[in-house]
Amino acid sequence: MKTYSLGVSFAMLALALAPAPLKAAESAKDAAVATEYVLPQTETWKMTSKDGQEFRIYVSRPEGEAPKEGYPVLYVLDGNALFTGFAEARRVQSVYDNEKIGKMIIVGIGHPGDKIYDGRRIYDFTADVQMPALKAQFKDYRSGGRDLFLSFLLNEVQPDIARRYKTHPYRQSLYGHSLGGLFSLYVLYTRPEAFHTIIAASPAIWWDDQRVLEEERAFVRRLEKGPKPARISRLLLIAGEEEAEGPITLDTILLGKRMEALSKYGVRSQYEVFEEETHISVPARAVTPTLRHAMQWP
């Protein structure tokens, strides 16, 4: 029986895998040229809304054949900042995918350009600002476009994604952080049937003297008087323990408790507070819990 030297075997393997030496004509400068990196399994395009606003759409999609009933879809607001984290988590977790997180589509909705957070988000995610101090603080930014943005999301983006990919018509989820979380709550209160799951991370309930509480109360009155909507989005609330931007942590906890009291009307909700996380670090920590909630069915 033949015997082999491990040292020789590893040396031969290393030699076989080693890159070929540079030709003399290839300078060190040529070898160091870098190219842009493109995320695998992703696509992006520009989309103009009916009211003339331009957006950047990002998509992360699985490889292979779609499920018979279609892919679940998670819509992520502030796509410029947050899409990449969700996209790579979906792709990486597909390697050992006991929860089937890899078998979903992530859609990021962002703005043109390279800004991580574009000032247009204030217009997209809010009602007209009424509080004088807040008006003065954000005098260089428009507000009041949330209904137009909601129409764009539901009536333009969702149908476009359904045309491009095989998607499940009911397994649709929405994630928003900060002002995006505030907008997500507005969607729950005014269109409770629009998504199967809503994840509101660090929602800016404090915005404009907590005007969103009026919409919450109107939502509760509709539930109390009936009839109950055919479907009500499940709600996951998330906050960081160390948030310093307004009373976000306390506001989120109190909202979570109020939502628990609505379980008798069919509202399914829960809230989580991440230890040691700040306002800006919450989104990274929230990726996996969000993906899990988006995949829960029914």
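Worth saying up front: this structure is predicted, and the values here are computed from it rather than measured. (Residues numbered from 1 in each chain as written. Predicted model: local features only at pLDDT ≥ 70, side-chain atom pairs only at ≥ 80, totals over all residues. Heavy atoms only, no water.)

Here we look at the packing of helix α3 (residues 79–93) against helix α11 (residues 282–295)
Selection rule: Between N-to-C directions, angles cover 0 to 180 degrees, with each direction set by a line fitted to C-alpha atoms, over the stretch in contact for helices. To qualify as a helix, a DSSP run of H or I must reach at least 4 residues; to qualify as a strand, a run of E must reach at least 2; elements of each kind are numbered from the N terminus. For classification, angles of less than 35 degrees are called roughly parallel, those exceeding 145 degrees roughly antiparallel, those between 65 and 115 degrees roughly perpendicular, and all remaining angles oblique. Left-handed describes a crossing in which the near helix is turned anticlockwise from the far one by less than a right angle; the clockwise case is right-handed. In this analysis, two residues are considered to be in contact whenever any of their non-hydrogen atoms come within 4.5 Å of each other. Each residue is assigned to one of three groups, with Ala, Val, Leu, Ile, Met, Phe, Trp, Tyr, Cys and Pro labelled nonpolar, Asp, Glu, Lys and Arg labelled charged, and all others, Gly among them, labelled polar.
Viewed as axis vectors pointing N to C, α3 and α11 meet at an angle of 45 degrees, and their least axial separation amounts to 10 Å. Taken together, the axes of α3 and α11 are oblique relative to one another. Crossing hand, α3 versus α11: right-handed. Contacts between α3 and α11 involve Leu82, Gly85, Phe86, Ala89, Arg90 and Gln93 from the former and Pro283, Val287, Thr288, Thr290 and Leu291 from the latter. A per-class count over the contact of α3 with α11 returns 6 nonpolar, 4 polar and 1 charged.

Topic: a positive patch on the surface
Rule in force here: Any residue with relative accessible area above 30% and no salt bridge may belong to a patch, with like charges joined within 9 Å and the nonpolar Val, Leu, Ile, Met, Phe, Trp and Tyr side chains within 5 Å. The protein chains shown are the only cover counted for residues, whose accessible areas, like all others here, come from Shrake-Rupley with a 1.4 Å probe. Take a side-chain nitrogen of Lys or Arg and a carboxyl oxygen of Asp or Glu: if they are within 4 Å of each other, that pair is a salt bridge. A positive count includes Lys and Arg, and a negative count includes Asp and Glu. His and the chain ends are not counted in either. Charge placement uses NZ in Lys and CZ in Arg. For Asp and Glu, CG and CD serve respectively.
Residues Arg217, Arg221, Arg222 and Lys225 make up a contiguous surface patch of positive charge. Looking at where Arg217 falls in the secondary structure, it is placed in helix α9 (residues 212–225).

Some thoughts on the side chain of Asp78
As a reminder, the rule being used: Exposed residues in this analysis have more than 50% of their type's maximum accessible area, buried residues have under 20%, and partly exposed residues fall in between, with area computed by a 1.4 Å probe over protein chains only.
Within the element layout of this structure, Asp78 appears in the loop between β3 (71–77) and α3. Accessibility expressed as a relative area gives 4% for Asp78, which makes it buried. Not counting chain neighbours up to four residues away, the residues in contact with Asp78 comprise Phe83, Ile109, Tyr117, Arg121, Phe125 and His177.

Points about the pattern of salt bridges
Opposite charge on two side chains permits them to pair, given that their charged atoms come into close proximity. What the rule picks out here adds up to 12 salt bridges. Arg211 is the salt-bridge partner of Asp208, the closest N and O atoms lying 2.9 Å from each other. For Arg211, a relative accessible area of 27% puts it in the partly exposed group. Here the salt bridges share partners, and the residues they tie into one network are Asp160, Arg163 and Arg164.

Here we look at the nonpolar core
As a reminder, the rule being used: Take the buried Ala, Val, Leu, Ile, Met, Phe, Trp, Tyr and Cys residues and link them wherever side-chain atoms come within 4.5 Å; each set so joined is a nonpolar core.
Membership of the largest hydrophobic core comes to 53 residues, with the highest contact counts inside it found for Tyr75, Val107, Ile109, Leu153, Val157 and Phe195. Considering every element that reaches this core, the biggest residue donor is helix α7 (residues 179–190), with 8 residues. Leu153 has contacts with Tyr75, Ile109, Gln158, Leu174, Phe183 and Phe195, leaving out every residue within four places of it along the chain. With 24 residues, the next largest nonpolar core counts Phe83, Ile106, Leu236 and Val282 among its residues.

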